Amino acid sequence: MKFLLLIFKNLLRNKVRTILTCLATMVLVFVVTMIWTVVYFLNDLTEKKTENLQAIITEKWQLPSQMPMSYAQPLSEGAASHPGDLRPKESMLWLFYGGTIDPENKTRDSLIFFIATDPNKILTMIDDLKKIVDPKVVEKLRQRKDGAVIGPKRLKTINKKVGERIKVTGLDYKGIDLEFEIVGELPSGQYEDLAIMNQDYLNDAIDAYRGPSGSRHPLDQRRLNFVWLRVGNSEDFAKISNQIEASPLFRNPAVKCETFGSMVASFLDAYTGFIWFIKWILVPGSMVSMTMVIANAISLSVRERRKEIAVLKVLGFSPGRIMVLVWGEALLLGLVSGLATSGIAYVVFNVLMGGIRVFPGNPPYPVPLDCLWWGPLVGGGTAILGSLLPAWSARSVKVAEVFAKIA
Amino acid sequence: MNNTLPSLLALYIPLGVIALALVLLMLTRKIPFQYSVRNLVVRWKTTMMTAVAFTVVVLLLTVMVAFVGGMNRVVARSAHPGNVLVLSDGATDEVFSNLPINDATEIEHQPGVVWQKGRALSSREVYICINQPTTGPDGRSKHRFLQIRGVEDPDIAAQVHELELLPGGQWLSVGGVQESSTAGSPGDGKAASVIEAVLGEAIAQELGADRGQESLQVGDTFELGPRRWLVVGIMRAPGSAFGSEIWAKRSIVGETFGKQNLYTSLVLRAGDAASAKALADRLSHQYKKSALQATTEAEYYSKLSESAEQILSAVFLVASIMAVGGVFGIMNTMFAAIAQRASDIGVLRIIGFARWQILATFLLESLVIALIGGGLGCILGYFVNGISASTMVGSNDGIPKSVVFEMVVDPNTVALGLLFTLLMGGLGGFLPALAAMRLRPLESLR
């Protein structure tokens, strides 16, 4: 206890230095906290679930995925065609419709992007929504084919409110302009900039469309973008996935069936180099920089206290104990700064800002609670590293030399 | 030039001001510069550790900016100032565009389109983005996004995009396919036709790396989508997005990927940048037969740098926060130096040196440390210049393009690194220098 007190008192002797070192450590732990939150977010996206899996079926080769509507029914049944074939527990179709409310001035602010789907499936198939969407809103969407539920951010951008009507001029579905009544608002978060509409409304419009020569819409046979399936466990997923990918029904275009996590992972593969740089260059680089700052502060402190260290040795402190004393000072400083920073980051980001927005357009991702251990770990670890040499130097102070100089 | 870095004025004016202040400090100082230098040398361990912290911060900044610079250069080099990209109205990207085949001839006859030898300089194209499963060097399965451009007439397309083949290659044949007895459809082992492909230099290297080669060569085959492809040529496309593309005949690409009866884009050559702008405006607003969205290629590709701008913002955020850490580090060093040399300061004041001379001396010391560390960071950072990297570039409205590029450390990057380090040194050194200046001579001598 006395030893701890000594460490504490030593740190308080040069308050400016202690504060500056703490601040430097805090700043760098803050950088690491932000970067690791991003890494957590990416891991979270690609995490493999084992139960109640959601499979997503998309066009096998091309981006964006555009499949014919004739795929909808067999895909919804998991391409089950033989006795013993497994069927998914539930399915959901996604069609995308993008347009502008101001065709004369197509700015990003006038755009609106709809997911067209079956309202009956919103609360059962979309995990994120079933917890937060008001069932009454979904009921309204079910009742009105031309109803639209829009995220708060998009509503604000297009300057509309629930109850108002909007006319959307189709951009990808050229010539298909739709009028909507806004029947509700999506919650903030992942869907805050999107809108959801009834898939029947879009399907009817595409079916009714006739071009100048009576032709069907160019996207008529490419209107189905995603099919979601709810499957049981990974074995069920493997079986259904195999049924779908082996089925002769889906050849042109071919389709692929994967879990949501693996689909995101395949997108992130394109950023592998960048993510590698963040993980293995940026974070270690920050830590090297922090180590240098701490090493400098501790070595300055040791150099100024050579006489005192010599006296401690005369009083019976062993070299090892002196080394532990210096380490202890650095460690205390690193641990406290690390814990304080991660705690502050946790509260500030999560409570005040709702998290860190990793990608533009994505909802903020909360700083994980794990930061409360990694902050002190990073702070303490780098403090130990930074104080290795100064502590060794303190341990090696020669009493005779120090007193000879004084004499 | 790296056009997403802060504008040149915002970069060079502060740097110039700091450099001027440095020169003024050097010229007007009365205390010999050697005094400062000797102090730094005597306390070499502290100087070194502080400088290393600066080196790391500036090195990371340089590498990150070099990455963004490479992305920007790819985007900038892909556009020809005289080219106009025609998409269907409402299409936010080439992949979303559907141009009726029948309209192409009439569009090419619009005034402003350059004709040569009786042919319009117009490339009719189908552009497709493919998700290709592959295996990484560690054996892990991964995915790669590839861009395939189906061109109607490879000669015209090459002329419009100003691309040429590396020696030994040839452009696509009229049919765009070749019979092969050894390469059937993947997995079936039967003799079948292979699709002729001309690869950009960068993607040839990327695909070659999959099989342990430096690059795919003319005559090599590879699997992509449902078919096997034969390399008939490799395009020289230094640092442009076309270097990451695979070209094949439009009809074959359309048939293979379900875009048979359409073009996604027409690339028209106008006389110069001004004519291109006029042509684009005319096609977008006055062409009545079908609704078009025409932009100059320069405008289209500049939009693709949105992703680079977002990364650059993140880079500045991270670097600024790290710089604050560096500032605290140098403050520590300088405060310690002042504490150690309090009696020196007292003597200097008593023999007549003014307060501001003391301030200048200590400020110079911190700037010298910053320059040593930051300069070293810039030098080390320079070694990433030309290193190959890959990422996606794109606007928020479209499908991003996967590009392989070389990182760029240009004078702007070095200037930014130096500005950063001098700002860190100046900010970190100012408070301690102020404290040194305010020391009372007699008290400091006690």
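Per chain, the residues get numbers from 1 upward, laid out in the order the sequence is written. Just so you know, chain letters begin at A and ligand numbers begin at 1, following the order they were written in. Local features in this predicted model are restricted to residues whose pLDDT is 70 or higher, and side-chain atom pairs enter the listing and the counts only when it is 80 or higher, whereas totals over whole chains, interfaces and linings include all residues.

## Description of the overall build of chain A
Step number 1: Scanning chain A from N- to C-terminus turns up 16 helices and ten strands.
Step number 2: Note on method: radius of gyration uses C-alpha positions; expected globular size equals 2.2 Å times residues raised to 0.38. The C-alpha radius of gyration of chain A comes to 31 Å, more than 25% above the 22 Å expected for a compact globule of 407 residues.
Step number 3: Projected onto the principal axes, the alpha-carbon positions of chain A cover approximately 105 × 50 × 35 Å.
Step number 4: The 407 residues of chain A split such that 41% are buried.
Step number 5: Note on contacts: residues are paired as contacts if their backbone-placed C-beta atoms lie within 7 Å. Pairs at least 24 residues apart make up 78% of the contacts formed inside chain A by residues separated by at least 6 positions. Each helix is a run of DSSP H or I of at least 4 residues and each strand a run of E of at least 2, with the numbering of both proceeding from the N terminus. Around each residue's C-beta, the other C-beta atoms within 10 Å are counted; 20 or more make the residue buried, 12 or fewer make it exposed, and counts in between make it partly exposed. All C-beta atoms are placed from the backbone.

## Overview of the packing of helix α13 (residues 319–352) of chain A against helix α14 (residues 371–386) of chain A
Residues and elements named next belong to chain A.
Step number 1: The angle between two axes is taken between their N-to-C directions and runs from 0 to 180 degrees, where each axis is a line fitted to C-alpha atoms and a helix contributes only its stretch in contact. It is at 7 Å that the axes of α13 and α14 come closest, and there the two elements cross at 150°. As the angle between them shows, α13 and α14 are arranged roughly antiparallel. Relative to α14, α13 is oriented so that their crossing is right-handed.
Step number 2: Residue polarity is assigned by list, with Asp, Glu, Lys and Arg as charged and Ala, Val, Leu, Ile, Met, Phe, Trp, Tyr, Cys and Pro as nonpolar; anything else, Gly included, falls into the polar class. Partitioning the contact of α13 with α14 into residue classes produces 16 nonpolar, eleven polar and no charged. For this classification, under 35 degrees means roughly parallel, over 145 means roughly antiparallel, 65 to 115 means roughly perpendicular, and everything else is oblique. Crossing chirality is assigned from the near helix's rotation relative to the far helix, an anticlockwise turn below a right angle marking it left-handed and a clockwise turn marking it right-handed.

## Some details on the environment of A:G354
All names here are of chain A.
Step number 1: Along the chain, the position of G354 falls in the loop between α13 and α14.
Step number 2: Classification of G354 by C-beta neighbours within 10 Å gives partly exposed; the count is 14.
Step number 3: Through-space distance from the C-alpha of G354 to that of G189 is 9.1 Å; in sequence the pair is 165 residues apart.

## Examining the environment of B:G233
Step number 1: Mapped onto the elements of the fold, B:G233 is located in strand β11 (residues 227–236).
Step number 2: Separated by 154 residues in the primary sequence, B:G233 and B:I387 place their C-alpha atoms 24 Å from one another.

## With respect to the domain arrangement of chain B
All names here are of chain B.
Step number 1: Note: domain ranges come from an automatic or database domain assignment. Here the domain parsing of chain B yields domain 1 (8–77 + 306–445) and domain 2 (83–269).
Step number 2: Taking the mean C-alpha position of each, domain 1 and domain 2 sit 47 Å from one another.
Step number 3: Between domain 1 and domain 2, the contact holds 14 residues from the first and 16 residues from the second.
Step number 4: Mapped by element, the contributors of at least two residues to the side of domain 1 that touches domain 2 are α3 (44–78) and β17 (401–406).
Step number 5: The dominant element in the side of domain 1 that touches domain 2, judged by the number of residues it contributes, is β17, at six residues.

## Considering the domain arrangement of chain A
Residues and elements named next belong to chain A.
Step number 1: Parsing chain A into structural domains produces domain 1 (2–46 + 271–406) and domain 2 (54–270).
Step number 2: Contacts between domain 1 and domain 2 engage eight residues on the former and ten residues on the latter.
Step number 3: Contributions of two or more residues to the side of domain 1 that touches domain 2 are made by α2 (15–46) and α11 (272–304).
Step number 4: Looking at which element gives the most residues to the side of domain 1 that touches domain 2, the answer is α2, with three residues.
Step number 5: Classifying every residue of the side of domain 1 that touches domain 2 gives five nonpolar, three polar and no charged.

## Some points on unusual backbone geometry
Step number 1: A cis amide bond links A:L63 to the next residue, A:P64, at an omega of -5°.
Step number 2: Mapped onto the fold, A:P64 is located in the loop between β2 (62–63) and α3 (72–76).
Step number 3: Positive phi, close to 50°, is recorded for B:K117, a residue that is not glycine.
Step number 4: Take B:K117: it is sitting in the loop between β3 (115–116) and β4 (119–120).
Step number 5: Residues other than glycine seldom take positive phi values, yet B:E162 does so here, at roughly 55°.
Step number 6: Residue position: B:E162 is located in the loop between α5 (154–161) and β7 (164–165).

## A word on the interface of chain A and chain B
Step number 1: Contact with chain A, which involves 42 residues of that partner, is made by 50 residues of chain B.
Step number 2: For the side of chain A that touches chain B, the secondary structure elements donating two or more residues are α2, β2 and α11 of chain A.
Step number 3: Counted by class, the side of chain A that touches chain B contains 27 nonpolar, eleven polar and four charged residues.

## With respect to the pairing of strand β3 (residues 90–100) of chain A
Residue and element names in this part refer to chain A.
Step number 1: Most of β3 is tucked away, with eight of its eleven residues classed as buried.
Step number 2: At least two DSSP bridges between two strands are needed for those strands to be called paired. As defined by bridge partners, β3 adjoins strand β9 (residues 226–230) across five bridges and the pair is classed as antiparallel. Opposite W94, over in β9, you have F226 as the bridge partner.
Step number 3: Relative to strand β4 (residues 111–117), β3 is paired through six bridges, and the arrangement is antiparallel. Looking at β4, one finds that G98 is bridged to F113.

## Structural notes on the packing of α11(A) against α14(A)
Residue and element names in this part refer to chain A.
Step number 1: One can describe the packing of α11 onto α14 by two numbers: an axis separation of 8 Å at closest approach and a directional angle of 55°. By the angle class used here, α11 and α14 are oblique. In this structure, α11 meets α14 at a crossing whose hand is right-handed. Across the interface between the two elements, M287, M290, T291, I294, A295 and I298 of α11 pack against V378, T382, A383, L385 and G386 of α14.

## Here we look at the environment of A:V29
Residues and elements named next belong to chain A.
Step number 1: Inspection of the secondary structure puts V29 in helix α2.
Step number 2: V29 sits in the buried class, given 31 other C-beta atoms within 10 Å.
Step number 3: Residues V29 and A340, 311 residues apart in the sequence, show an inter-C-alpha distance of 9.6 Å.
Step number 4: What V29 contacts, discounting residues up to four positions off in sequence, is S337, G338, T341, S342, G375, V378 and G379.

## Some words on helix α13 (residues 411–437) of chain B
Step number 1: The end-to-end C-alpha separation of α13(B) is 36 Å, in line with the 39 Å expected for 27 residues at 1.5 Å each.
Step number 2: The angle between axes fitted to the seven residues ending at a residue and the seven residues starting there is what we call the bend at that residue. The largest bend in α13(B) comes to about 35°, at B:F430, with the proline B:P432 one to four residues further on. Every helix has an expected span of 1.5 Å times one less than the residues it contains.

## A few points about the nonpolar core
Step number 1: Each nonpolar core reported here comprises buried Ala, Val, Leu, Ile, Met, Phe, Trp, Tyr and Cys residues connected via C-beta atoms within 7 Å. Of all hydrophobic cores here, the largest spans 181 residues; its most connected members are A:V326, B:V57, B:L60, B:V86, B:A197 and B:L199.
Step number 2: Here this core takes 20 residues from α3(B), the largest share from any one element.
Step number 3: With near-sequence residues (within four places) excluded, B:L60 lies in contact with A:L282, A:G285, B:A319 and B:M322.
Step number 4: Counting 56 residues, the second-largest nonpolar core is a separate cluster that includes A:L75, A:Y191, A:I196 and A:Y201.

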